[in-house]
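An overview of the molecular structure
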Amino acid sequence: MDIKSLHEKYSNGEMSVYSYIESLFNKIEKDNYNTFITLNKENALEKAKELDEKLKSSKEISGLFGVPVAVKDNILTKDLRTTAASKSLENFIPMYDAKIIERLKNTDAIIVGKTNMDEFAMGGSSETSYFGPTINPFDNALTPGGSSSGSAASIAAEEAVLAFGSDTGGSVRNPADFCNVVGFAPTYGALPRMGSISMSNSFDRIGINANNVNDVRELFNATRGKCDTDFTSIDLEDFDEDIDLSKLNVAVINLKDEYKVSPQIKELFEESIQKIKELNVNIEYIDIDHLDVIGEVYTVIMCVEVESNIAKIDGLRYGQSVVEYDSTDDFYIKNRTQFFGEEVKRRIVLGNFFASKDNEQKYYKQAMKLRWAYKNQIDELFKKYDIILSPTTIALPRKAGESKNDASSSFDVGIFNYLTNLTNVPSISIPMEKGKLGSLQIMGNREEDMKLLKIAEEIEGVIR
Ligand code: GLN
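The rules behind each value
Residues numbered from 1 in each chain as written. Predicted model: local features only at pLDDT ≥ 70, side-chain atom pairs only at ≥ 80, totals over all residues. Heavy atoms only, no water. Helix = DSSP H or I, 4+ residues; strand = E, 2+ residues; numbered from the N terminus. Rg over C-alpha atoms; globule rule 2.2 N^0.38 Å. Buried < 20%, exposed > 50% of the residue type's maximum accessible area, 1.4 Å probe, protein only. Contact = heavy atoms within 4.5 Å. Areas by Shrake-Rupley, 256 points an atom, 1.4 Å probe, with all protein chains shown as cover. Lys, Arg positive; Asp, Glu negative; His and termini not counted. Charge placed at Lys NZ, Arg CZ, Asp CG, Glu CD. Near = heavy atom within 4 Å. Polar contact = N/O pair within 3.5 Å; in protein donor to acceptor, adjacent residues only side chain to side chain. Nonpolar A, V, L, I, M, F, W, Y, C, P; charged D, E, K, R; others polar. Axes fitted to C-alpha atoms, helices over the stretch in contact; angles between N-to-C directions. Parallel < 35°, antiparallel > 145°, perpendicular 65-115°, else oblique. Left-handed = near helix turned anticlockwise from the far one by under 90°. Patch = residues over 30% accessible without salt bridge, like charges linked within 9 Å, V, L, I, M, F, W, Y side chains within 5 Å. Salt bridge = Lys/Arg side-chain N within 4 Å of Asp/Glu carboxyl O. Phe/Tyr/Trp six-rings, centres within 6.5 Å; stacked < 30°, edge-to-face > 60°. Lys NZ or Arg CZ within 6 Å of the ring centre and 35° of its normal. Pairing = 2+ DSSP bridges.

**Re the overall build of the protein**
On a plain count of helices and strands, the protein comes out with 14 helices and 11 strands. In terms of overall size, the protein behaves like a compact globule, its C-alpha atoms giving a radius of gyration of 21 Å where 464 residues would be expected to give roughly 23 Å. Within the span of the protein, comprising 464 residues, buried residues form 60% of the whole. Taking contacts inside the protein between residues at least 6 apart in sequence as the whole, the part at least 24 apart equals 75%. A total accessible area of about 18,800 Å² is found for the protein, and carbon and sulfur atoms account for 47% of it. Positive and negative side-chain charges of the protein, numbering 54 and 73 respectively, have mean locations separated by a distance of 2 Å.

**Focus: the site of the ligand**
As a structural note, the neighbourhood of the ligand is formed by 15 residues, with Gly-169, Ser-171, Tyr-298, Arg-347 and Ser-410 the closest of them. Within the backbone of Gly-123, a nitrogen or oxygen atom sits 2.9 Å from an oxygen atom of the ligand. Surface burial for the ligand is 98%, taken as the share of its 290 Å² of free accessible area covered by protein chains. The residue makeup of the shell around the ligand, split by class, is 6 nonpolar, 7 polar and 2 charged.

**Regarding the packing of helix H7 (residues 213-223) against helix H14 (residues 449-463)**
The relative placement of two packed helices comes down to the angle between their axes together with the axis-to-axis distance. Their axes nearest at 9 Å, the elements H7 and H14 cross at an angle of 160°. Compared by their axis directions, H7 and H14 come out roughly antiparallel. As H7 packs across H14, the resulting crossing turns out to be left-handed. Residues Val-213, Asn-214, Val-216, Arg-217, Phe-220 and Asn-221 of H7 lie in contact with H14, whose contacting residues are Asp-449, Met-450, Leu-453, Lys-454, Ala-456, Glu-457 and Glu-460. Taken together, the residues of the contact of H7 with H14 sort by class into 6 nonpolar, 2 polar and 5 charged.

**Details of a negative patch on the surface**
A contiguous patch of negative charge on the surface is contributed by Asp-240, Glu-241, Asp-242 and Glu-458. Position of Asp-242 relative to the elements: it lies in the loop between H7 and strand E7 (249-253). On the basis of relative accessible area, Asp-242 is assigned to the exposed category, the value being 72%.

**Regarding the packing of aromatic side chains**
One pass over the full model with this rule turns up 15 aromatic pairs. On the basis of an interplanar angle of 85° and a centroid distance of 6.1 Å, the ring pair of Tyr-10 and Phe-65 is categorised as edge-to-face. Here Tyr-10, found in helix H1 (residues 3-11), pairs with Phe-65, found in the loop between helix H3 (41-57) and strand E2 (68-72); they are 55 residues apart in sequence, far enough to count as distant. Relative accessible area serves as the criterion here: at 5%, Phe-65 is assigned to the buried category. With centroids separated by 6.0 Å and ring planes inclined at 85°, the aromatic side chains of Phe-331 and Tyr-332 adopt a geometry described as edge-to-face. For Phe-331, a relative accessible area of 8% puts it in the buried group. What makes Tyr-332 partly exposed here is its relative accessible area of 30%. Three or more aromatic residues joined by ring pairs make a cluster, and in this case those are Phe-203, Tyr-298, Phe-411 and Tyr-418. Positioned above the aromatic ring of Phe-220, the side-chain terminus of Arg-224 is 5.7 Å from the ring centre.

**Looking at the environment of Gly-169**
Mapping Gly-169 onto the fold places it in the loop between strand E4 (162-167) and helix H6 (173-179). Between the C-alpha atoms of Gly-169 and Ile-101, which are 68 residues apart in sequence, the distance is 22 Å. In this structure Gly-169 touches Tyr-298, Asn-417, Tyr-418 and Asn-421, once residues within four positions along its chain are discounted.

**A few points about the sheet that holds strand E11 (residues 436-443)**
Strands sit in the order E1-E3-E2-E4-E6-E5-E10-E11-E9-E7-E8 across an open sheet of 11 strands; the sheet is mixed. The open sheet is flanked by strand E1 (36-39) and strand E8 (282-286), the only strands paired with a single partner. Looking at each pair of strands side by side, their axes are set apart by 30° on average, direction ignored. Strands E1, E2, strand E3 (110-115), E4 and strand E6 (205-210) of the sheet are contacted by helix H5 (residues 149-156), whose axis makes an angle of about 155° with E4.

**Considering the packing of helix H9 (residues 294-309) against helix H13 (residues 415-423)**
Here H9 crosses H13 at 50°, and the two axes come no closer than 9 Å. Overall, the two elements H9 and H13 adopt an arrangement that is oblique. With respect to the hand of their crossing, H9 and H13 are arranged in left-handed fashion. For the pair H9 and H13, contact is made by Ile-294, Gly-295, Val-297 and Tyr-298 and by Ile-415, Tyr-418, Leu-419 and Leu-422, respectively.

**Thoughts on the pattern of salt bridges**
Going through the model one piece at a time under the given rule, you end up with 25 salt bridges. The closest approach of N and O atoms between Lys-114 and Asp-73, which form a salt bridge, is 3.2 Å. Of the two residues, Lys-114 sits in strand E3 while Asp-73 sits in the loop between E2 and helix H4 (99-105), which places them 41 residues apart along the sequence. For Asp-379, the salt bridge goes to Arg-446, with nearest N and O atoms at 3.0 Å. One end of the pair, Asp-379, is in helix H12 (residues 361-384); the other, Arg-446, is in the loop between E11 and H14, and 67 residues separate them in sequence. In this structure Asp-379 comes out as partly exposed when scored by relative accessible area, which is 22%. Through salt bridges with shared partners, a single ionic network connects Glu-343, Arg-346 and Arg-347.

All we've got here are geometric facts, nothing functional implied.
If you want it as structure tokens, here you go:
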């Protein structure tokens, strides 16, 4: 259900906010998709009651009124358990709200609960979650993607209307694609990261899952913008112009053989481009240099940042700790051995390796050089084009459970996603056909998120 139909139902008296929110919690229990780690049931029902009272005195419904929002479990919520799907934070109750949550609480939206994810957002299937994997509501036999698995799945299962996720290397867009919903990763900093648990701080951004582009915009507008406690947060310019697709300059990334895009995705993508072309849109095919190694570039920088960001989860500052130990080293070793999963440990080790004195020049600096090379290319392209199109992922989802013992699976579909995280530009993933797997990724210019959303809304109308 989208916001518009929900508001219609509220205003014509078809249902009260309370009855809807109550039915939502019943559904979550019955579905058993493991979309949520912690529910916010009592508070949500309380707020629903208040909103019904409000509704009595005014029939005017707008914004996020009575809209259920799911929140990824690496975003801090005051007095509501926040685990990042890690055993280390199994009992962690934050003392304050993340900035976006603080802003959300000032609206009439209702927080449903905290969604399942890969541990500390490291993974692409939720199979690294300490709380077990999420089931894909779109097709139970397939992985829901990740790491914001529960956020995308909660939308697909109609357990929420909007969801916050986080996107470091595709984690909002990848599960959106695999669960057949919309996923938006804004310009770096457009949604403040204050109070989100960092994975790789120069790539991390808060993102949004929804049923359509319009709903994305509602939540984005209610929570975006600069804040005093996050110096990387930014304000965006509004964009009120109407979009005429035929006046746009559109770039399409050439799907070279070495990218190993699956034939089904290629076919769907070409069909979508064809539909856009029929509207007299000026489309040109472009190449991005070194795109074939972008996974490696992402992995090196990400692991180095992970290793430094995760250092604070040491059992002293944050996280569970063992009671019995022989020495300081033993304390650290035991905590990390017992309270972190395989994937997190692997990335800590890799990060240390890539950043070590001997290797620094070889891997990290080389990766940073390439990051600049991607950035320069993207900057040049956006001087000429309004948007850049690609598929969201290069392959259809794997079977559920298949990724568990394959460390490389976290990285195997994301090259076009990484491109946006490495260059800090916004992008949105929309299903190419409702009810069919395979999504289109639309990249916009840095800080031109409002324009991107307008264009995406037009394209959504054309291809679906
Ligand atoms: N799948 C990627 C990884 O495991 C992306 C994760 C993310 O965006 N949080 O690194």
